[in-house]
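Here is how the chains run, residue by residue.
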Amino acid sequence: MLPVKDPEMYDSELEKPDLSGVDETVDRAQAALENLQRADGHWVFELEADATIPAEYVLLRQHLGEPDDLELERKIGVYLRRIQGDHGGWPLFHGGAFDISATVKAYYCLKMIGDDIDASHMVRAREAILAHGGAARTNVFTRLLLALFGQISWNALPTMPVELILLPRWFPIHLSKMSYWARTVIVPLLVLQAKKARARNPRGVNIPELFAPHGSVPHKAAHQKWLWATGFAALDVVLKAFDPFWPKGLRQRAVDACVSFVTERLNGEDGLGAIYPAMANSVMMYDVLGFAEDHPDRAIARKSIEKLLVIKAGEAYCQPCVSPVWDTALACHAMLEAGGPDAEARVARGLEWLKPLQVLDVAGDWAEERPNVRPGGWAFQYNNAHYPDLDDTAVVVMAMDRAVQAPEYRESISRGEEWVVGLQSKNGGWGAFDADNTYHYLNNIPFADHGALLDPPTVDVTARCIGMLAQLGEKADSPRMAAALAYLEKEQEPEGSWFGRWGVNYVYGTWSALCALNAAGVDPQKPVVRRAVDWLVRIQNGDGGWGEDCASYKLDYAGYEPAPSASSQTAWALLGLMAAGEVDHPAVARGIAYLQQTQTEDGFWPEDTYTGGGFPRVFYLRYHGYSKFFPLWAAARYRNLKRGNSRHVAFGM
């Protein structure tokens, strides 16, 4: 059992308000969360994206010509039909607008598993696709899938020569200048494009009906600059013309380099990069190169994908990845806030599970930029040693530090802190996986129509790193803390909020920043804090909760737009306000009342909305755990502060 650092929250001499109702809310949520802890001590919850990943999974099986699993296909079909939007297509998040790329993939998948194209749901989807210009208007990665299945020519895709992997690091377009997710997705894709891979498609299913008579490929994405896009488009013409003339020896050397890159990072049963797109591309790469199904590398790459499936009694889908480290660390924080012997025992088991997952022996891709930094981070997934991230590392370290641990945990904390410090970017902030990944011109290359090729510093990750350093005793006037705090202040929006890269959106960013400012000892009366508090109070919904839609990531965002309350976003707003010293504010009381009123009999909160970020405007996530641990965390903190002799939050988040 773990003793917990005394946050000076309890004082028997003080009159304590009647918080029995809040106690009941906390106790029910705590018991429910405890029941979901796995036997080995960790928590993991479903991580749901949109229609694209389950659709791609079905099409991958057909690409490889694998034996039919008709029952699994049936269940995936049930899932896809359920999440179809009222507009006829498929959105990127619950209740979202029509997305042509997701809709083309979902339609193709449903046709592949046998849905009649004259069925009403297929007619509505097809009409919506054609009304938006047809399948030619989809994004690059959807057109890649269409090229693999022979629905379009490979020339309809921007050219990425496989020889890219051989370029020196100083070259303006280089894999090391891209984000980890782009790197792991693109490398096997380079081979697929070089070999002009073709799906087996044993059922012979095609989708010519989705192409408009005069449909055309977009010249550039909305985020891309005209001059850059025009220049890269001209380069694409040159590359296409030169493609047949690459020396065969050079091309083979490049293919071999790609295979070596993938194989080194294959990551066992957790897969390349531990994310579905890279994992699927790796399997197709091995396939097009003639690796037999039972070849160890191909077999393990294929097996990794099966671990992403969520198969229920009536439906099934494929996750984009899994989130056990993130879920376990955040659940530990919520349990520590709830307190008590049972919670402490659960946290002890959770931290024991987390400890050996720290990456201490692999200098991952991040070392390209920081070769002299020792490894010491945690990854998001069960295993992803080449790609630990700063966010998970900071959250794990804060949980370990908050629970007074045996001496061996001090080394884990120290190594985590050392790695985080070593990956601070020059502008004072932190990115998720790399330092100084700020080559913004690369988002203008034709392959970057999603606008997320890079991993620059962001407010939310920076805030977590500041909170960790402050909790470990770093002073606000140290050079690195001063630079980080200056970065936060610079990034504040005029209305008082902060952008949330990895959570939706300004509520998430503002919560993160307020926690960091509090931990660093910034006076809560300073304008930077007051503006944020005023913004959170101003956007509170009439029911007492907070909500924000994924559409807030749009390029023409002009300020907060009302959205229905969500339990996780309500919890973030409450935790942010309490970090700013506002536990006694009426808005906080209303928010806690909202959580009490919306808690269900199972101890949790309903939440269908997507409050996690993948790629802004392209890919969003529904963390099924967020409605289970964040509201518990907020309610428990409210109770503790109201009963305590201090209104100050004593931790980094």
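Keep in mind it's a predicted model, so treat the numbers as computed, not measured.

Caption draft 1: Main features of the packing of helix α9 (residues 248-264) against helix α10 (residues 276-288). Between α9 and α10, the shortest axis-to-axis distance is 11 Å and the interhelical angle comes to 135 degrees. Taken together, α9 and α10 sit at an angle that is classed as oblique. For the element pair α9 and α10, the recorded crossing hand is left-handed. Counted together, Val 259, Val 262 and Thr 263 of α9 and Ser 282, Met 285 and Tyr 286 of α10 form the full contact between these two elements. Looking at the contact of α9 with α10 residue by residue, the classes come out as four nonpolar, two polar and no charged.

Caption draft 2: Representation of the pairing of strand β4 (residues 612-615) in the model. Both β4 and strand β5 (residues 619-623) contribute to a ladder of three bridges, which runs antiparallel. Pairing of Gly 613 across the sheet is with Tyr 620, part of β5. Where β4 folds back onto β5 in an antiparallel hairpin, the turn is made up of three residues, including Arg 617, whose phi is positive at roughly 75 degrees.

Caption draft 3: Broad picture of the pairing of β5. Counting buried positions along β5 gives five out of five residues, so the element sits mostly inside the fold. Alternating positions in β5 separate into two faces, Phe 619, Leu 621 and Tyr 623 on one and Tyr 620 and Arg 622 on the other, with burial throughout. In terms of strand pairing, strand β1 (residues 47-48) meets β5 through two bridges, oriented antiparallel. Within β5, the position partnered with Glu 48 by the bridge is Arg 622.

Caption draft 4: Spotlight on the pattern of salt bridges. Tallying each qualifying case throughout the model produces 39 salt bridges. Here Lys 312 and Glu 46 are joined by a salt bridge, their closest N and O atoms 3.2 Å apart. Linking Lys 312 in the loop between β2 (309-311) and β3 (316-318) with Glu 46 in the loop between α1 (20-35) and β1, this pair joins segments that are 266 residues apart in sequence. Overall, Glu 46 belongs to the partly exposed group, its relative accessible area being 22%. Ionic contacts of the salt-bridge type, sharing partners, join the residues Arg 183, Glu 264, Arg 265, Asp 365 and Asp 434 into one network.

Scoring rules and cut-offs
Residues numbered from 1 in each chain as written. Predicted model: local features only at pLDDT ≥ 70, side-chain atom pairs only at ≥ 80, totals over all residues. Heavy atoms only, no water. Axes fitted to C-alpha atoms, helices over the stretch in contact; angles between N-to-C directions. Helix = DSSP H or I, 4+ residues; strand = E, 2+ residues; numbered from the N terminus. Parallel < 35°, antiparallel > 145°, perpendicular 65-115°, else oblique. Left-handed = near helix turned anticlockwise from the far one by under 90°. Contact = heavy atoms within 4.5 Å. Nonpolar A, V, L, I, M, F, W, Y, C, P; charged D, E, K, R; others polar. Pairing = 2+ DSSP bridges. Buried < 20%, exposed > 50% of the residue type's maximum accessible area, 1.4 Å probe, protein only. Salt bridge = Lys/Arg side-chain N within 4 Å of Asp/Glu carboxyl O.

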